[in-house]
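# Per-entry structural report
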Amino acid sequence: MTNDRRPADGARARRRAAVLATAVGGCALVAAAATPAAAHPAGHGHRLDYVALGDSYTSGPGIPTQVDANCARSDQNYPSLVARREKAATFTDVSCSGATTVQMWQTQGTNRPQLDAVSRNTDLVTLQIGGNDVGFGTIIATCARLGVQDPTGSPCERSYEASGQDALALAVRQTAPKVTEVLRAVHARAPHARVVVVGYPDLLPDDGVGCFPQVPFAQGDFAYLRDTEKRLNLMLRTVAGRNRAEYVDTYGPTVGHDMCKAPADRWIEPLQPAAPAAPAHPNARGEEAMAGAVLHRLAGHQGHR
């Protein structure tokens, strides 16, 4: 059902949708060389060799200080915070904006295959991947474009279910074996490593209530997109459990800090960020929250698998 009358701020919303499509798409195309961070002394008599794999939610695009412009990687992203807190002896962060599971084995611009960083000496690996395989950037741009045309309906959900099945639910299912293969490859390269799969934080209001035009999705699509992200996280949890890996929930700890919240309260930035970060991505506080969730998991389970 389409409204014949657009709201007065429809033009502004359309401009924001265009900004989002450009910004998210730009993040998806970024690629770069991986630069290992400076080594830190090992703590408690144990040498910790830590490798971080992942996409833009790991790399922290836009967050100061950017240490790799091509991969949009920040030294304040959650792997960097974890490495400093754990006093890692070696820390290699090869996360890169736009990465999919394919980039675990293939170069991304000048960034080498991410799995090349994992070796028999590695004893901690964090992995946050799958969002780009499902199509985060395309989904956001599509739903923003449709949202400004029918802000009170659910045009995005209708579009993705037009074939008679939910295309996004199918994309999540199709991503599961890809993440499985990544985990198997990590275990093959680092058989003694502790492997931690990191889920995605809460992007939209958990109660399903929207905030058009700040985020120009149609009112009925907020709950649909929320459920899609929850489905993705459940898949990651399930795949981790079946492949000798641990799972870190970052959704729960970030509920109430989504991109619809006021600047002082949000940890995910909307289309026009108030804090340094890419649109629809964590800001520095969001990266801190994810680091806290990872550290909590590490503190609770010290042994290696």
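Everything numeric here is computed off the predicted structure, so don't read it as measured data. Counting restarts for each chain, with residues numbered from 1 along the sequence as it is written. Side-chain atom pairs in this predicted model are given and counted only at pLDDT of 80 or more, local residue features only at pLDDT of at least 70, and totals for whole chains, interfaces and linings cover all residues. Side-chain descriptors were evaluated using all non-hydrogen atoms of the structure, hydrogens and water having been removed beforehand.

## Quick notes on the packing of aromatic side chains
Side-chain rings of Phe, Tyr and Trp, where Trp is taken by its six-membered ring, are said to pair if the distance between their centres is within 6.5 Å; with planes under 30 degrees apart they count as stacked, over 60 as edge-to-face, and otherwise as tilted. Per the counting criterion, the structure on display carries 5 aromatic pairs. Where Tyr57 meets Phe136, the ring centres are 5.8 Å apart and the plane angle is 65°; that geometry is what we call edge-to-face. One end of the pair, Tyr57, is in helix α2 (residues 56-59); the other, Phe136, is in helix α5 (residues 136-147), and 79 residues separate them in sequence. An identical accessibility class is assigned to Tyr57 and Phe136; each is buried. With a centroid separation of 5.4 Å and 80° between ring planes, the pair formed by Tyr57 and Tyr200 is classed as edge-to-face. In this pair, Tyr57 is assigned in helix α2 and Tyr200 in the loop between β6 (194-198) and α8 (219-242), connecting sequence segments 143 residues apart. With respect to class, Tyr57 is no different from Tyr200; both count as buried. Among the aromatic residues, those joined into a ring-pair cluster are Tyr57, Phe136 and Tyr200. Numbered from the N terminus, helices here are DSSP runs of H or I no shorter than four residues, and strands are runs of E no shorter than two. Throughout, exposure labels follow a simple rule: accessible area from a 1.4 Å probe, protein chains only, divided by the maximum for the residue type, with under 20% read as buried, over 50% as exposed, and the rest as partly exposed.

## Topic: the packing of helix α7 (residues 167-189) against α8
Packed helices, taken two at a time, are described by their axes: the angle between them and the distance between them. Axis definition: a line fitted to C-alpha atoms, limited for helices to the stretch in contact. Angles are taken between N-to-C directions and run from 0 to 180 degrees. Following both chains from N to C, one finds α7 and α8 inclined at 25°, their axes separated by 9 Å at the closest point. In this view, α7 runs roughly parallel relative to α8, as classed from their interaxial angle. In this structure, the crossing between α7 and α8 has a hand that is right-handed. Contacts between α7 and α8 involve Leu168, Ala169, Val172, Thr175, Ala176, Val179, Thr180 and Leu183 on the former and, on the latter, Tyr224, Leu225, Thr228, Arg231, Leu232, Met235, Leu236, Val239 and Ala240. Three classes are used: nonpolar for Ala, Val, Leu, Ile, Met, Phe, Trp, Tyr, Cys and Pro, charged for Asp, Glu, Lys and Arg, and polar for all others, with Gly counted as polar. Classifying every residue of the contact of α7 with α8 by side-chain character gives 13 nonpolar, 3 polar and 1 charged. Oblique is the label for any angle not covered by the other classes, which are roughly parallel (under 35 degrees), roughly antiparallel (over 145) and roughly perpendicular (65 to 115). By convention the crossing between two helices is left-handed if the near helix lies anticlockwise of the far one by an angle smaller than a right angle, and right-handed if it lies clockwise. Contact between two residues is taken to exist if any of their heavy atoms lie within 4.5 Å; hydrogens are not considered.

## A look at helix α3 (residues 78-86)
Taken residue by residue, α3 has Tyr78, Pro79, Ser80, Leu81, Val82 and Ala83 as its buried positions. At the C-terminal side of α3, Lys87 shows a positive phi close to 55°.

## Details of the state of the cysteines
Criterion for a disulfide: a pair of cysteine sulfur atoms within 2.5 Å. One pass over the full model with this rule turns up 3 disulfides. One disulfide in the model links Cys143 with Cys156; its S-S distance is 1.8 Å. With Cys143 in helix α5 and Cys156 in helix α6 (residues 155-160), this residue pair connects regions lying 13 residues apart in the sequence. Here Cys156 falls in the buried class, since its relative accessible area comes to 0%. Look at the protein and number its bonded cysteines as they come in the sequence; the links are 1-2, 3-4, 5-6.

## Structural notes on the nonpolar core
Judged by nonpolar contacts, the single largest core of 52 residues is most densely connected at Leu53, Phe217 and Leu225. Put simply, the parts of the chain that give this core at least two residues each are β1 (49-54), β5 (124-128), α5, α6, α7, β6 and α8. Of all the elements, α7 adds the most residues to this core, at 9 residues. Apart from the residues within four sequence positions on either side, Phe217 is in contact with Ile140, Cys143, Ala144, Gly147, Leu204, Phe212, Phe222 and Leu225. Here the nonpolar core consists of buried residues drawn from Ala, Val, Leu, Ile, Met, Phe, Trp, Tyr and Cys, with membership extended through side-chain atoms lying within 4.5 Å. Within the second largest apolar cluster, 19 residues are counted, among which are Tyr50, Val82, Val198 and Val294.

## Some details on empty space enclosed by the protein
Both cavities and pockets are sets of points on a 1 Å grid over the protein atoms alone; in a cavity a 1.4 Å probe fits but cannot get out, in a pocket the set is open with protein on both sides within 12 Å along at least five of seven lines, and lining residues sit with an atom within 4 Å of a point. Grid points are joined across faces, edges and corners, and a volume is the space filled by probe spheres set on the points. Per the counting criterion, the structure on display carries 2 cavities of 30 Å³ or more. Each pocket or cavity is described by its volume, and for the largest cavity that value is around 220 Å³. Forming the boundary of the largest cavity are 16 residues, of which Phe136, Ile140, Leu203, Leu204 and Leu225 lie nearest the centre. Among the elements of the structure, α5 and α8 are those that each provide at least two residues to the lining of the largest cavity. Taken together, the residues of the lining of the largest cavity break down into 14 nonpolar, 1 polar and 1 charged.

## A short note on the pairing of β6
Within β6, 5 of the 5 residues are buried, which leaves the element mostly enclosed by the surrounding structure. Neither face of β6 is left uncovered, since the one carrying Arg194, Val196 and Val198 and the one carrying Val195 and Val197 both have all their residues buried. In terms of strand pairing, β5 meets β6 through 4 bridges, oriented parallel. The residue of β6 that forms the bridge with Leu127 is Val197. Looking at chain direction, β6 and strand β7 (residues 246-248) are connected through 3 bridges and run parallel. Strands pair, by our definition, only if DSSP identifies at least two bridges between them.

## Some words on the pattern of salt bridges
The term salt bridge refers to a pairing of a side-chain nitrogen on Lys or Arg with a carboxyl oxygen on Asp or Glu at a separation within 4 Å. Under the definition given, this model contains 12 salt bridges. Here Asp49 ties to Arg47 by a salt bridge, and the two come within 3.1 Å at their closest N and O atoms. Overall, the relative accessible area of 49% leaves Arg47 in the partly exposed class. Note that Asp206 and Lys230 form a salt bridge whose closest N and O atoms lie 3.0 Å from each other. Of this pair, Asp206 sits in the loop between β6 and α8 while Lys230 sits in helix α8; the two residues are 24 residues apart in sequence, bridging distant segments of the chain. Asp206 sits in the partly exposed class, given a relative accessible area of 28%. You can call Lys230 partly exposed: its relative accessible area is 35%. What you see here is one network of salt bridges that share partners, running through Asp68, Arg73 and Asp93.

Remember that the coordinates give geometry; whether it matters functionally is a separate question.
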